[in-house]
Amino acid sequence: MSNLDIFVGETSGTAMLILLGGGVVAGVVLKRSKAFNAGWVAIALGWGFAVMVGAYLSAPKSAASLNPAVTLGLAIQGGIKWSDVPLYIGSEILGAMIGAFLVWVAYLGQFSTFLTDPQVLAQQPAEEGLVDQKSAPSAGPVLGVFSTGPEVRNYWQNLLTEIIATFVLVIAILTQGLNQNGDGLGPIGILITSFVVVAIGLSLGGPTGYAINPARDLGPRIVHALLPLPNKGGSDWSYAWVPVLGPLAGAALAGGFYQLAFA
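The rules behind each value
Residues numbered from 1 in each chain as written. Predicted model: local features only at pLDDT ≥ 70, side-chain atom pairs only at ≥ 80, totals over all residues. Heavy atoms only, no water. Helix = DSSP H or I, 4+ residues; strand = E, 2+ residues; numbered from the N terminus. Contact = heavy atoms within 4.5 Å. 1 Å grid on protein atoms, 1.4 Å probe; cavity = no way out; pocket = protein on both sides within 12 Å on 5 of 7 lines; lining within 4 Å. Points joined across faces, edges and corners; volume = space filled by probe spheres on them. Nonpolar A, V, L, I, M, F, W, Y, C, P; charged D, E, K, R; others polar. pLDDT = per-residue confidence, 0-100. Buried < 20%, exposed > 50% of the residue type's maximum accessible area, 1.4 Å probe, protein only. Phe/Tyr/Trp six-rings, centres within 6.5 Å; stacked < 30°, edge-to-face > 60°. Salt bridge = Lys/Arg side-chain N within 4 Å of Asp/Glu carboxyl O.

1. Digging into the environment of I212
Consideration 1: On the secondary structure map, I212 appears in the loop between α9 (187–204) and α10 (214–226).
Consideration 2: Beyond its immediate sequence surroundings of up to four residues, I212 is in contact with N67, A69, E162, A165, T166, L169, I200 and P247.

See below:
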């Protein structure tokens, strides 16, 4: 794989992942969307299909990682060269930002209507799970379209949840999802991984919204901070380290466990 192949594959694949994944969240939570209030199952299925489409798009060019945590796991396993890791991660974050921007473009009218609705604004910050308004950061009503947030704000519990969920994702990829060369996801492995993401969403997604991907959370959070959205509130940067550090730690544990138990 050339550097250009990695850049094109990971950027385009991650952009597609976030466009479809963020898109299903926008469709479910924004008023005047035909999918409004479709529920958590729709979100979990949407993210699973988003992984599938993004990974199949990326696979001919790169390892179809689309996720710095998966990239780290593959580097520990030996499928990705350590020298390529910065390019993978940079491309994934850029792709996530592009995908988040396209979600905003696709739902421009819904964002405008939602963020000027007095009833919606009056419900904040309770809808973001921020019980203690004095100690919790100000978060706007659309932050969940772009990034994750906990229902119960306990940073160490939230971190542990992300570590566990990402461990499940990465160990499943390393044991079931790799191609014959072991340097990326294979055609059947992509399908398996997509179902694993759905399972994680349904089983482990409730506490934190299951980032399980630092690029998926950080890139769109940056876009949220930059977009000219009225009444959007803060981007909750005090929490942003959890969906970055947690998935990386979970991936490192999964990679180490794979080397001990399966290599």
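And the narrative resumes.
2. Quick look at empty space enclosed by the protein
Consideration 1: Scanning the model with the defined rule gives 1 cavity of 30 Å³ or more in all.
Consideration 2: Each pocket or cavity is described by its volume, and for the largest cavity that value is around 230 Å³.
Consideration 3: Elements with a minimum of two residues in the lining of the largest cavity: α2 (40–58), α8 (155–177) and α9.
Consideration 4: Considering only residue class, the lining of the largest cavity consists of 13 nonpolar, 5 polar and 1 charged.

3. Quick notes on the environment of S147
Consideration 1: Note on placement: S147 falls in the loop between α7 (143–146) and α8.
Consideration 2: Sequence spacing of S147 and A240 is 93 residues, and the spatial spacing of their C-alpha atoms is 8.7 Å.

4. Digging into the confidence of the model for the protein chain
Consideration 1: Residues at a pLDDT of 70 or more form 94% of the protein chain, whose mean pLDDT is 93.
Consideration 2: Counting contacts from residues 126–138, a segment whose pLDDT is below 50, to residues more than four positions away or on other chains yields 20 contacts.

5. Observations regarding unusual backbone geometry
Consideration 1: Unusually for a residue other than glycine, N231 sits at a positive phi of about 60 degrees.
Consideration 2: At D236, a residue that is not glycine, the phi angle is positive and equals roughly 55 degrees.
Consideration 3: On the secondary structure map, D236 appears in the loop between α10 and α11 (242–261).
Consideration 4: Residue D236 is classed as buried on the basis of its relative accessible area of 5%.

6. Concerning the packing of aromatic side chains
Consideration 1: Enumeration over the complete set of coordinates arrives at 9 aromatic pairs.
Consideration 2: Consider the rings of W156 and W241, whose centres lie 5.7 Å apart with planes at 65 degrees: the pair is edge-to-face. Separated by 85 residues along the polypeptide, W156 in helix α8 and W241 in the loop between α10 and α11 bring together distant segments of the chain.
Consideration 3: Aromatic pair Y258 and F262: ring centres 5.9 Å apart, planes at 20 degrees, arrangement stacked.
Consideration 4: Looking at F262, the relative accessible area reads 48%, which means it is partly exposed.

7. Quick notes on the pattern of salt bridges
When charged atoms on two side chains of opposite charge get close, those side chains can pair.
Consideration 1: Scanning all chains against the criterion turns up 4 salt bridges.
Consideration 2: Of the charged contacts, one joins R221 and D217 as a salt bridge, the two residues approaching to 2.7 Å between their closest N and O atoms. Taken together, the residues R221 and D217, both in helix α10 and 4 residues apart, mark about one turn of the helix. Across the pair, D217 and R221 agree in class, each one buried.

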